[in-house]
Amino acid sequence: MVATVPELLTLLDLEWIDDDLLRGHAPATTLQRVFGGQVLAQALVAGARTVPDDRPPHSLHGYFLRPGDPTVPIVYLVERTRDGGSFTTRRVIARQHGRPIFHMTASFQVVEEGLEHQDVMPDVPAPEGLPTLAERIAASGRPVAPDEWGVLDVRYGGEDVDRLQVWLRTVSALPDGAALHAAVLAYASDLTILGTALRPHGIGFENPELISASIDHAMWFHRPARADEWLLHDQDTPSASGGRGLGRGRMFDQQGRLVATTVQEGLMRLRRPGSSPR
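Residues numbered from 1 in each chain as written. Predicted model: local features only at pLDDT ≥ 70, side-chain atom pairs only at ≥ 80, totals over all residues. Heavy atoms only, no water.

With that settled, consider the UniProt feature "domain: Acyl-CoA thioesterase 2 C-terminal" (unreviewed entry) in the chain. The positions that UniProt labels "domain: Acyl-CoA thioesterase 2 C-terminal" (unreviewed entry) are, in the present scheme, residues 151-267. Across residues 151-267 one finds 14% helix and 51% strand; the C-alpha atoms that close the span lie 26 Å apart. (UniProt positions renumbered as here; feature names shortened; annotations may be inferred. Helix = DSSP H or I, 4+ residues; strand = E, 2+ residues; numbered from the N terminus.)

What follows is about the pattern of salt bridges. Enumeration according to the criterion identifies 18 salt bridges in this entry. Between Arg226 and Asp228 there is a salt bridge, with its nearest N and O atoms 3.0 Å apart. The exposure class assigned to Arg226 is partly exposed, which follows from its relative accessible area of 26%. Asp228 gets classed as buried once you look at its relative accessible area, which sits at 13%. Measuring nitrogen to oxygen at the nearest pair gives 2.7 Å for the salt bridge that ties Asp253 to Arg257. Residue classification places Asp253 among the buried residues on the basis of a relative accessible area of 7%. Taken together, the shared-partner salt bridges in this structure form one network comprising Asp119, Arg163, Asp234, Asp236, Arg248 and Arg250. (Salt bridge = Lys/Arg side-chain N within 4 Å of Asp/Glu carboxyl O. Buried < 20%, exposed > 50% of the residue type's maximum accessible area, 1.4 Å probe, protein only.)

The next point concerns the nonpolar core. If you look at the biggest cluster of nonpolar residues, it comprises 57 residues, and the most contacted ones within it are Leu8, Leu44, Leu60, Tyr76, Phe102, Met104 and Tyr187. Leaving out residues up to four positions away in the same chain, Leu44 has contacts with Pro57, Leu60, Met104, Ala106, Phe108, Ala182, Ala183 and Phe221. One finds Val124, Leu130, Trp167 and Trp230 within the second-largest nonpolar core, a separate group that totals seven residues. (Core = buried A, V, L, I, M, F, W, Y, C linked by side-chain atoms within 4.5 Å. Contact = heavy atoms within 4.5 Å.)

This brings us to empty space enclosed by the protein. Going through the model one piece at a time under the given rule, you end up with one cavity of 30 Å³ or more. Of the pockets and cavities examined, the largest cavity occupies roughly 120 Å³. Looking at side-chain class alone, the lining of the largest cavity contains eleven nonpolar, two polar and two charged residues. (1 Å grid on protein atoms, 1.4 Å probe; cavity = no way out; pocket = protein on both sides within 12 Å on 5 of 7 lines; lining within 4 Å. Points joined across faces, edges and corners; volume = space filled by probe spheres on them. Nonpolar A, V, L, I, M, F, W, Y, C, P; charged D, E, K, R; others polar.)

Moving on: the sheet that holds strand S11 (residues 244-253). Remark on secondary structure: sheet strands pair via backbone hydrogen bonds, oriented parallel or antiparallel. Spatially, the twelve strands line up as an open sheet ordered S1-S2-S4-S5-S6-S3-S9-S12-S11-S10-S8-S7, and their pairing is antiparallel. A single partner strand is all that each edge strand has here, and the edge strands are strand S1 (15-18) and strand S7 (152-160). Going across the sheet, the axis of each strand differs from the next one's by a mean of 25 degrees, ignoring polarity. Relative to strand S12 (residues 258-270), strand S9 (residues 210-221) runs antiparallel, the two being bridged by eleven bridges. Of the residues in S12, the one forming a bridge with Phe221 is Ala260. (Pairing = 2+ DSSP bridges. Axes fitted to C-alpha atoms, helices over the stretch in contact; angles between N-to-C directions.)

What UniProt calls "domain: Acyl-CoA thioesterase-like N-terminal HotDog" (unreviewed entry) maps, in this numbering, to residues 30-109. Across residues 30-109, the secondary structure splits into 16% helix and 49% strand, with the terminal C-alpha atoms separated by 37 Å.

The backbone of Asp20 shows a phi angle near 60 degrees, a positive value even though the residue is not glycine. With respect to the element layout, Asp20 can be found in the loop between S1 and strand S2 (21-24). Not every positive phi belongs to a glycine, and His97 is a case in point at roughly 55 degrees. For His97, the location among the structural elements is in the loop between strand S5 (87-96) and strand S6 (99-109). Assessed through its relative accessible area of 59%, His97 is described here as exposed.

What follows is the structure, encoded as structure tokens:
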């Protein structure tokens, strides 16, 4: 598990093993598969390693193809798809045991000025004093260590039948670097968004009849943000059908700036006698 910022930085410090080929390691975990946010963050770091620092990431689109094995490293192959005058595109393939487990396309852009508008930040309680993620996990009965994601300070704010609002930040300061902070936001974005799609049905991940997994994940980085300062992840769910659920999220900083948008679709299948996930 990643409980401290130094451990998180180690997780994101990928090892070069050849040209455009990097290796990422996984922490000890109580999870049966690699946390999707880890793969998102490491894949984004792998792509960013091949891009100039003056081009921070502005979007990513990824597909989870197979469950990641938490007992072995993940190899990331970066394809330099395009280097344009303003935009740079990278395709990243994550592999284990000789097979792809995740594909990502990420785009990076030179910082520039332009037209501006944004959604208005919802009115929610300040994070201090709100229930924490560890408290929620401990109370849920899920077979997950309450400090599995201990590097993140997550506080539960507003909740409704189809909406979840959480404040989040790392538990201590991070080094500077736009790509690093974007990677940590990607790591954090995977934590609660799929659970939002379960809320209208009155079930959670602790339900033994539920089979769930991330299918795809997209993220847009609108404005610079620090992942070690409080950000509100305002999440809702527009649809569930066909054994899948969709979650959407908007990330605001405490000044009310919309800094990122997230969308994820995931498997939400209720187990039938004799069935197994595919």
